[in-house]
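Here is what each chain is made of, one letter per residue.
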Amino acid sequence: MGIHADWITKDFGAFKLRFKPYTLEMRYVFTVASFSRTTTPVVLTQLEYDGIIGYGEASMPPYLGESQESVINFLNNIDLRGFNSPFQTEELLAYVDQISAKNTAAKAAVDIALHDLIGKILGKPFYKIWGLNPALIPATSYTIGIDTEEVVRKKVMEADQFKILKVKLGLETDKMIIDTIRQCTDRPLCADVNQGWKNKEQALEMSHWLAERGVVFLEQPMPKDQIDDNAWLTEHSPIPTIADEACQRLIDVPALQGVYSGINIKLMKCTGMREAKRMAELAQALKMKVMIGCMTETSCAISAAAQLAPLVDWADLDGALLIGNDIYDGMKVIDGQCILPDRPGIGVVPR
């Protein structure tokens, strides 16, 4: 299942579904509180209808429990012979969702390709179909993984176009990393702890320390099952808390009100664009903050997420910038801003 595997094609009459594994190569070793890695496995998808092709992608960082093999098995189980139009969107995606309980990245690969296909048929970018204004997209953060003082400094210098930096924390090096960044820049930071802090007193102490150093929010400070501790921290913290690992799908959102200040939505966790938009709208109705995030992905999945970025408070859409072998041209980051291409669908073309 290497980089140059061949496409698997399934012909359903009205639709053709193609998919193949691909391996993303990280520009740096990527380290968070619980693991390090140098590659990310993905599966690329294409959904064809009437000679028009929509592009999609499943990205599977190891902690999600999906693999290229599980995604390919899932896609092999899809049978679209019961559908004759991409505009049967609700029924088609509901059918895909019920094939198995999990496999959210595999489902997202189909959802993204379907949205891209519909946009191409209509000749409009998806943000226009949704009636969203790309001028409202917040500046994207750029992720600084856990590393040595020297490498952190190098990464900060390389990220000089970005208006906000996202810093991975959760180990005993937290203060060193923040202090090192602060020696290089006074730009705002957001801190992603990836469940790394284990007790609420330490978390509260750190939230005050970080607030004094220009950190604007805390992402998943403690393990997601420590619900009462996270709620206590949210009540007492000087900066907002954002649910990431605690927030997967639409059904999770109502219970997070009062436990966190907001949610981080990722297409790979929530089955794609359709559910992501619903999550954003529900969270806003519950007076919660919304962030759109990503995994390490090509410009395909990043450009898909960016279509709904005008809805959110914070964007973290740097996933394609962290890899050295992107095979799509899509959303660009210029001076830290997400610039959507004026092309139909999700706006990507193969390089």
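Everything discussed here concerns the structure shown above.
Residues numbered from 1 in each chain as written. Predicted model: local features only at pLDDT ≥ 70, side-chain atom pairs only at ≥ 80, totals over all residues. Heavy atoms only, no water.

> Please provide a residue-by-residue account of the packing of aromatic side chains, values included.
The way to describe two aromatic rings as a pair is by their centre distance and the angle between their planes. Across all of its chains, the model carries six aromatic pairs by this definition. Aromatic side chains F15 and Y49 sit 5.3 Å apart centroid to centroid with 40 degrees between the ring planes, which places their arrangement in the tilted category. Within this pair, whereas F15 is found in strand β2 (residues 15-31), its partner Y49 is found in strand β3 (residues 36-49), the two being separated by 34 residues in sequence. Here the aromatic rings of F217 and W314 are separated by 4.4 Å at their centres, their planes lie at 40 degrees, and the arrangement is tilted. On the criterion of sequence distance, the pair formed by F217 in strand β8 (residues 215-219) and W314 in strand β12 (residues 314-315) is long-range, its members being 97 residues apart. Taking relative accessible area as the criterion, F217 reaches 1% and is therefore assigned buried. Cation over ring: K155 sits above Y28, and NZ or CZ is 5.4 Å from the ring centre. It is K289 that lies over the ring of W314; its NZ or CZ is 6.0 Å from the centre. (Phe/Tyr/Trp six-rings, centres within 6.5 Å; stacked < 30°, edge-to-face > 60°. Helix = DSSP H or I, 4+ residues; strand = E, 2+ residues; numbered from the N terminus. Buried < 20%, exposed > 50% of the residue type's maximum accessible area, 1.4 Å probe, protein only. Lys NZ or Arg CZ within 6 Å of the ring centre and 35° of its normal.)

> Can you break down the state of the cysteines residue by residue, with the values?
All told, the structure shown has zero disulfides when counted by the stated rule. With no disulfide of its own, C247 has C270 as its nearest cysteine by sulfur position, at a separation of 8.4 Å. (Disulfide = S-S within 2.5 Å.)

> Quick rundown of helix α2 (residues 89-98)? Include the residues and the values.
Listed as buried for α2 are T89, L92, L93 and V96. Burial along α2 is one-sided: seen end-on, the buried residues are contained in an arc of 90 degrees. For α2, the elements touching its buried residues are β2, α1 (68-76), α3 (104-122) and α11 (273-285). (Arc of directions from axis to C-beta. Contact = heavy atoms within 4.5 Å.)

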